[in-house]
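Observations on the three-dimensional arrangement
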Amino acid sequence: MVSATLKERAGNGVFGTVIACILAYLYLPILILVIFSFNDSSSLTLPLKGFTWQWYETLFNNSDLLQALRNSFYVAISATTLTLLIGVPAAFALDRIRFPGKTVFRRLVLLPLVLPGIITGISMLNLFKLVGFQLSLETVIIGHATALISIVVTQVFARLQRLNRSLEEAAADLGARPWETFFFVTLPNIRSALIGSALLSFTLSFDEIPVTFFLTGRDNTLPMYIWSTLRRGITPEINAVGTLIILGSLVMIVLSVSMLRPQDE
Amino acid sequence: MASIVKFDHVSKVFGGKIVAVNDVSLSIAEGEFVTLLGPSGCGKTTLLRMLAGFEAPSSGQIELAGEDVTHLPPYKRNVNMVFQDYALFPHLTIQKNVAFGLERLRMDREEIGKKVRATLDLVDLSDKADRKPHELSGGQRQRVALARAIVREPKVLLLDEPLSALDANLREAMQVELKHLHERIGLTFVMVTHDQTEALVMSDRTVVMHNGAIVQVGAPAELYDRPATTYVADFVGTSNLLQGVVQKVNGVAAEVAVGSASLRCTPRGEVAAGQEVIVGFRPEKLRLLGASEKPDKDWNVFEANVGEVLFHGSSVRMRCKLASGEQIVCDMQLGTSAAASGIPEQGSKVRFTMDPASVPLFTEDDRA
């Protein structure tokens, strides 16, 4: 009895240590970044000097950085919108319409998701050069959308597959025209998949570097701006930006995960 | 009574080869409770879905209240359906579910509220108006589905296996409740079921279907007492069906050799001596003869060996074997007590007697 509890405790202790190590491995770097963003010293060395908002103040006075932030929002919102506009109808087509090559289409639409961003970036760069497109934030948007469409199509399609078709029949039976059925019954029931995949797309696009690197013109997105300033060494200002991005990403990811969870029942 | 629904030579072929409904013609009177009865795959659901507008017939015509609705979409037909899985909108409250159909009619808000409340009252769910479907029990959901369908006052209410998702006790209660509802609101009900008891209990008229075609249409008692084919005899209630050969025909009765026994039967059509036939009789039409008891002189008498005896409470079911090997089933109602009723023991030899009028004959043509 006694030895069993002891063993159990020892086991729990080992288990707890392993968990702590894994968590430290995952989050220690982030924690350090956050801590140094509030450290009252321009060099990133220990010991810590004291608390300051200074780096956040300089950050909000840096017009280049703010422009990059605006660009990032523009790109992420546009890419997400474009993705939804193409991805949602595609998911409906996969679910509802029988057409030749459907299985092939289903597999191919997933491919950009697993392709490395660098491949997407290079290939799209080639294409845009070929057809004579000026590189700009718009070409970045198109580049981002290719990979994101896979996410939207997969999520929305999965939800549509689970959607009880008799709901739509019931709506029609109760006098709803096809557009009323779509807006009052179908859409509310796949709503969480739409919002969830849109949030996920937004987050992924916002943080994206490889595709952006190849496809942007003179404008920079936020991750690109950070990367370019790194050449002059890590500044506490960068840590502050990093902290803000982490905060924003965290909110988005929590939102998207909770949205993608199946509704109660 | 005027007919409200008319199927005119309606057929439905899926994928160019699977015939789901085969040349069905049927007329349903206003206010009637009609059941489409048959095993799964007999075409009953497809027939109902064609009336609702979810499927278009491959050929033939469907009339609703004198209007040709064959190719009208569901949202333009004045029929409403109670779905097998209820298909309640999970994102809407009960009240909103019931109001959905009225909102589509662009009805005045106040009017909608009044009708929804009245209908929820009717199905006894007023206190659940603000709940979501998943918060309700199976039986309550069933009633919401019903309320949602009848609130639009359709010309015909369609019910697709409405009770199949309920457990046995609740199902029995709902059978009665539905029947009462039908009497109260006077709508025409068309129900699909594979459960013959449900059909017999609830409907004014039952349509027995098999392989996409109608086999027999009739009131429950008529189907039970005078099944048109061996299929109906077997599907509606239980029947003993025995192969036999006609010995001689005299007037309305025919003598048929079944194994070693000779039975007097009542053929419905023409039969001739030497013809192969099927003798059908219900398990409860058999009467056990006491050892010294004299049978009625016109009645059939034959001997059998008692096999299994199954106790059902108010009755017993015996599986017996004729001397020539045929298996038959006999139901025996019990009297004041099971002990006093003299249930024969397993393995004992018994004599049965049976009224020739309750023994129909089926010819080869009736085997469907």
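Residues numbered from 1 in each chain as written. Chains lettered and ligands numbered in written order. Predicted model: local features only at pLDDT ≥ 70, side-chain atom pairs only at ≥ 80, totals over all residues. Heavy atoms only, no water.

1. Looking at the pairing of strand 6 (residues 79-82) of chain B
Residue and element names in this part refer to chain B. Going residue by residue along strand 6, you find Val79 and Met81 tucked away on one face and Asn80 and Val82 tucked away on the opposite face as well. When strand 6 meets strand 7 (residues 156-160), the two strands line up parallel, connected through four bridges. Residue pairing across strands places valine 82 opposite leucine 159, the latter belonging to strand 7. (Buried < 20%, exposed > 50% of the residue type's maximum accessible area, 1.4 Å probe, protein only. Helix = DSSP H or I, 4+ residues; strand = E, 2+ residues; numbered from the N terminus. Pairing = 2+ DSSP bridges.)

2. Quick look at unusual backbone geometry
All names here are of chain B. With phi around 45 degrees, histidine 9 is a residue other than glycine that occupies positive phi space. Mapped onto the elements, histidine 9 comes out in strand 1 (residues 3-14). Residue classification places histidine 9 among the partly exposed positions, given a relative accessible area of 46%. Even without being glycine, arginine 106 reaches a positive phi, approximately 55 degrees. Checked against the element boundaries, arginine 106 lands in the loop between helix 2 (94-103) and helix 3 (109-122). The class of arginine 106 is exposed, set by a relative accessible area of 55%.

3. Thoughts on the sheet that holds strand 6 of chain B
Residue and element names in this part refer to chain B. The mixed open sheet is built from six strands, whose spatial order is 6-7-8-3-9-10. Of all strands in the sheet, those with a lone pairing partner are strand 6 and strand 10 (213-218), marking the two edges. Geometrically, the sheet is characterised by an average inter-axis angle of 20 degrees between neighbouring strands, direction not taken into account. Note that strand 3 (residues 33-37) and strand 9 (residues 205-210) share four bridges and pair parallel. Each residue of the ladder has a partner; that of leucine 37, found in strand 9, is valine 208. Sheet strands in contact with helix 1 (residues 44-52) are strand 3, strand 6, strand 7, strand 8 (188-193) and strand 9, and its direction is about 145 degrees off that of strand 7. (Axes fitted to C-alpha atoms, helices over the stretch in contact; angles between N-to-C directions. Contact = heavy atoms within 4.5 Å.)

4. Looking at the packing of aromatic side chains
On inspection of all chains with the given rule, the structure shows 17 aromatic pairs over all chains. Here the aromatic rings of phenylalanine 73 of chain A and phenylalanine 202 of chain A are separated by 6.0 Å at their centres, their planes lie at 40 degrees, and the arrangement is tilted. Within this pair, whereas phenylalanine 73 of chain A is found in helix 3 (residues 63-96), its partner phenylalanine 202 of chain A is found in helix 9 (residues 178-207), the two being separated by 129 residues in sequence. You can call phenylalanine 73 of chain A partly exposed: its relative accessible area is 38%. Taken together, a centroid distance of 5.9 Å and an interplanar angle of 20 degrees make the contact between phenylalanine 202 of chain A and phenylalanine 206 of chain A stacked. With phenylalanine 202 of chain A and phenylalanine 206 of chain A both in helix 9 and four residues apart, the pair spans about one turn of that helix. For the pair phenylalanine 202 of chain A and phenylalanine 206 of chain A, one class covers both residues: buried. Taken together, the ring pairs connect Phe38, Trp53 and Tyr56 of chain A into an aromatic cluster. Note that arginine 148 of chain B overlies the ring of phenylalanine 89 of chain B, its terminal NZ or CZ placed 4.7 Å from the centroid. Directly above the aromatic system of tyrosine 224 of chain B lies the positively charged group of arginine 282 of chain B, at a separation of 3.9 Å from the ring centroid. (Phe/Tyr/Trp six-rings, centres within 6.5 Å; stacked < 30°, edge-to-face > 60°. Lys NZ or Arg CZ within 6 Å of the ring centre and 35° of its normal.)

5. As for the sheet that holds strand 17 (residues 315-322) of chain B
All names here are of chain B. Spatial ordering of the open sheet is given by 15-19-16-17-18, a layout of five strands whose pairing is antiparallel. For this open sheet the edge positions go to strand 15 (287-289) and strand 18 (327-333), each flanked by a neighbour on one side alone. Between one strand axis and the next, the sheet turns by 50 degrees as a mean value, whatever way the strands run. In terms of strand pairing, strand 15 meets strand 19 (residues 349-354) through three bridges, oriented antiparallel.

6. Brief notes about the environment of aspartate 195 of chain B
Residue and element names in this part refer to chain B. Mapped onto the fold, aspartate 195 is located in the loop between strand 8 and helix 6 (196-202). Dropping the residues within four chain positions of it, aspartate 195 is found in contact with Leu37 and Arg171. At 2.9 Å, the side chain of aspartate 195 forms a polar contact with the backbone nitrogen of threonine 197. (Polar contact = N/O pair within 3.5 Å; in protein donor to acceptor, adjacent residues only side chain to side chain.)

7. Comments concerning the nonpolar core
Counting 54 residues, the largest nonpolar core has Val5, Phe7, Leu47, Phe89, Phe100, Val156 and Leu158 of chain B as the members making the most contacts within it. Ranked by the residues each element gives to this core, the list is headed by helix 7 (residues 137-162) of chain A, at six residues. Each residue touching phenylalanine 89 of chain B, except ones within four places of it in the same chain, is listed here: Leu167, Ala170, Ala171, Leu174 and Val185 of chain A together with Asn97, Phe100, Pro133 and Arg148 of chain B. In terms of nonpolar packing, the next biggest core, distinct from the first, is built from 33 residues, Val98, Leu146, Ile150 and Leu178 of chain B among them. (Core = buried A, V, L, I, M, F, W, Y, C linked by side-chain atoms within 4.5 Å.)

8. Considerations on the domain arrangement of chain B
Residues and elements named next belong to chain B. Here the domain parsing of chain B yields domain 1 (3-234) and domain 2 (238-366). When each unit is reduced to the centre of its C-alpha atoms, the spacing between domain 1 and domain 2 is 39 Å. Counting residues at the interface gives ten residues for domain 1 and ten residues for domain 2. Taken together, the two surfaces of domain 1 and domain 2 that pack against each other cover about 890 Å², and 48% of this comes from carbon and sulfur. Looking at the side of domain 1 facing domain 2, the largest losses of area belong to Tyr224, Thr230 and Ala233, adding up to 55% of the total buried there. The tally of links from domain 1 across to domain 2 stands at zero salt bridges. Elements with a contribution of two residues or more to the side of domain 1 that touches domain 2: helix 7 (220-225) and helix 8 (230-235). Here the residues of the side of domain 1 that touches domain 2 are counted per class, giving five nonpolar, two polar and three charged. (Domains from an automatic or database assignment. Buried area = accessible area lost by both parts, 1.4 Å probe. Salt bridge = Lys/Arg side-chain N within 4 Å of Asp/Glu carboxyl O. Nonpolar A, V, L, I, M, F, W, Y, C, P; charged D, E, K, R; others polar.)

9. Details of the interface of chain A and chain B
One frequent convention defines the size of an interface as the accessible area lost when the parts assemble. Between chain A and chain B, the contact holds 21 residues from the first and 24 residues from the second. Buried area between chain A and chain B, both sides added, is near 2,000 Å², and the carbon and sulfur share of it is 59%. In terms of surface lost to chain B, no three residues of chain A exceed Glu169, Asp173 and Leu174 of chain A, which account for 34% of the buried area on that side. For the pair chain A and chain B, the interface holds three salt bridges. At the boundary of chain A and chain B, one finds eleven residue pairs in polar contact (both at pLDDT 80 or more). For the side of chain A that touches chain B, the secondary structure elements donating two or more residues are helix 8 (165-173) and helix 9 of chain A. Of the residues in the side of chain A that touches chain B, the class split is eleven nonpolar, four polar and six charged.

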